[in-house]
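Residues per chain are reported as follows:
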Amino acid sequence: MLKQLLRCTAVIATGLFLTSQSIAAGILRYATIGEPPSLDTQMSTATIVGTIGEHMFETLYAFDSKYNPQPLLATGEKIEDGGKKLVISLRQGVKFHNGQEMTSADVVASLKRWGEFGARGSLLMKNAISLTETGKYEITLVLSEPNGAWKNLLAYPEGGPVIYPAAIVSVAGNKPLEPKDYVGTGPYKFGEWRPNRYVELTRFDDYSRLSTPGDGYAGARVANFEAIRFIPVPDVGTRVSGMQAGDYDYAEFISGDLYETLKSDPTVNIHRNGAPLFGLFFVNSKSGILKDNFALRRAIQTAFKEEQALRVSFGPKALWEADGSIYPKGNPWYTEAGVQRYNLGDAAKAKQMAKDAGYDGTPIRLLVSTNYQAHFDQATVFTKQLADAGINVQMIVVDWATLLKMRGQADQWDIFVTHHGFVPDPILITFMNDSYPGWWKTPEKTNLTAAFTSTADPAERKKIWAELQALIYEQVPAIKVGNGYSYDIASKKLKGMGDSTVLWPHFWNASF
């Protein structure tokens, strides 16, 4: 690894001929972990899709620095009929990248497509009675019952309700949009996609920005760069050495073993995530050996010593916490419900539990990518711990783009490895969505989720969330590894980033 750090790369195989000429032209060069499968933000919860897409596509609301949703494409709302009727007013004069003005027709068409096919759309729209244009700049959503998380759902862009032109989105169906249809209202517009070289976004000169100061993801978004190039660089050592050589201006997901070295590197700034990511081992609830066998899932959970996996994958203790609560201490959603089953690492007990659950030695297929080194490290530890408990694991190692495709095919895996970023409302966690790969849907979950979303009372929602977390440890739709604080690195010349890596890094309001 040190050799990778010390070498200076003049030309890199990913086409990184972008030297000081790019800097002079105002092009920000971002080294990503790999190639995105698509840039259709509505249809994917992949972080890389959301990170690129948020610069092109916008939502009705956006989170401020305290995670409160603020109007972005909306101007406000009226809540009627006890929360069942939402009347949302829209900004006027907002232009799409194709020059057309955004109206209620575009918003309705976008929300309908998101509700039917989008990654998180059913969480709100499954209870929609009607969604209509009630004015050129007004929409009305009528629900069968109140949804206490509605504004958070409309503000969350990753797999969220970004707004596309009606002419595009109304005929898109469930197929990801083609590049020619990447048309949004954001400060950057789609430029070109050169596979395995870069995705380029260019400044949208007719962007209609807010006049309020930028605050988190809310407020004014100023495009100071001529273009942003997202360059796939799967190897973390190459991302780091490329930063040190001046080939990139920003590089994401750097491994924990380099943290102390890079803290003292005078050429880079470290952007540590302000809120923890948490690794997740998703269990297949649709097909395979683990489909309905909660007892075997609990045996697997009992064998896992998460603390060891965190130490191996994140390194310095400053970058991880062995905490079984889905939300960290200090957060209003924190609860210890169910966590007595976390971080046990009891091989003998797990072996007996697996036997009692009818386990016959069939290999459990573990799907993992090396693009995220932490995923692979955690999977390696997990596999060894399960072997000690007599549970056979077959690791299937692929690149990230392939994993994103395979995880949607229920017959291809039994467990897959990913991570989840901080979300301000538990309903946004991917396993709360019945259609997310893993496909956790049981009567107990359905009843608790319905109760959780139908009330806006904070105390009642916290109580029900504790019951849901206890159910997660009982039915094990996913195993939480722990809290990990990922970090990115940036060039010293890059200014205005602030705390923008709390959820996803963004580059409006940033500059050289």
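Anything mentioned here points back to the structure above.
All figures in this text were calculated on a predicted structure; none of them were measured in a lab.

Visitor: How should I be thinking about the sheet that holds strand S4 (residues 74-80) in this particular structure?
Guide: Remark on secondary structure: sheet strands pair via backbone hydrogen bonds, oriented parallel or antiparallel. Across the sheet, four strands lie side by side as S4-S5-S7-S6; this open sheet has antiparallel pairing. At either margin of the open sheet sits one strand with a lone partner, and together these are S4 and strand S6 (128-135). When strand polarity is set aside, the average angle formed by the axes of neighbouring strands in this sheet is 20 degrees. Pairing between S4 and strand S5 (residues 85-90): six bridges, direction antiparallel. Residue lysine 78 lies in a different strand from S5, and its bridge partner there is valine 87. Most of the contacts of helix H4 (residues 104-117) go to S6, to which it runs at about 165 degrees, and overall it touches S5, S6 and strand S7 (138-143).

Visitor: What should I look at first to understand the layout of surface pockets in this one?
Guide: To find the voids left in a structure, one rolls a probe of water-molecule size over its atoms. Quantified by volume, the largest pocket comes out at close to 680 Å³. Listing elements by their share of the lining of the largest pocket, those giving two or more residues are H4 and helix H14 (400-406). Each pocket or cavity is described by its volume, and for the second largest pocket that value is around 420 Å³. The wall of the second largest pocket is formed by 22 residues, among which Asn331, Pro332, Trp333, Phe422 and Pro424 lie closest to the centre.

Visitor: What's the story with empty space enclosed by the protein in this structure? I'm lost.
Guide: Enumeration according to the criterion identifies eight cavities of 30 Å³ or more in this entry. Here the largest cavity defines a volume of roughly 260 Å³. As for the largest cavity, its lining consists of 26 residues, and the residues nearest its centre are Phe253, Phe314, Tyr372, Ala374 and Ser486. Elements supplying a minimum of two residues to the lining of the largest cavity: strand S13 (277-283), helix H11 (306-314), helix H13 (373-388), strand S17 (415-420) and strand S18 (478-484). With four residues, H13 is the largest single contributor of residues to the lining of the largest cavity. For the lining of the largest cavity, the class distribution of residues is 11 nonpolar, 14 polar and one charged.

Visitor: Looking at this structure, I do not really get unusual backbone geometry. What am I missing?
Guide: For residues other than glycine, phi is negative in most cases, and the peptide bonds are mostly trans. Here the phi dihedral of tyrosine 67 falls at roughly 65 degrees; this positive angle occurs in a residue that is not glycine. With phi around 55 degrees, aspartate 81 is a residue other than glycine that occupies positive phi space. Within the secondary structure, aspartate 81 is located in the loop between S4 and S5. The exposure class assigned to aspartate 81 is exposed, which follows from its relative accessible area of 56%.

Visitor: What is the right way to read helix H16 (residues 458-475) from this model?
Guide: If you check H16, its first and last C-alpha atoms are 25 Å apart, about what 18 residues at 1.5 Å a residue would give, namely 26 Å. Residues of H16 that are buried include every one of Arg461, Ile464, Trp465, Ala466, Leu468, Gln469, Leu471, Ile472, Tyr473 and Gln475, and no others. Immediately downstream of H16, the backbone of valine 476 shows phi near 50 degrees, a positive value.

Calculation criteria
- Residues numbered from 1 in each chain as written.
- Predicted model: local features only at pLDDT ≥ 70, side-chain atom pairs only at ≥ 80, totals over all residues.
- Heavy atoms only, no water.
- Pairing = 2+ DSSP bridges.
- Helix = DSSP H or I, 4+ residues; strand = E, 2+ residues; numbered from the N terminus.
- Axes fitted to C-alpha atoms, helices over the stretch in contact; angles between N-to-C directions.
- Contact = heavy atoms within 4.5 Å.
- 1 Å grid on protein atoms, 1.4 Å probe; cavity = no way out; pocket = protein on both sides within 12 Å on 5 of 7 lines; lining within 4 Å.
- Points joined across faces, edges and corners; volume = space filled by probe spheres on them.
- Nonpolar A, V, L, I, M, F, W, Y, C, P; charged D, E, K, R; others polar.
- Buried < 20%, exposed > 50% of the residue type's maximum accessible area, 1.4 Å probe, protein only.
- Expected span 1.5 Å × (residues − 1).

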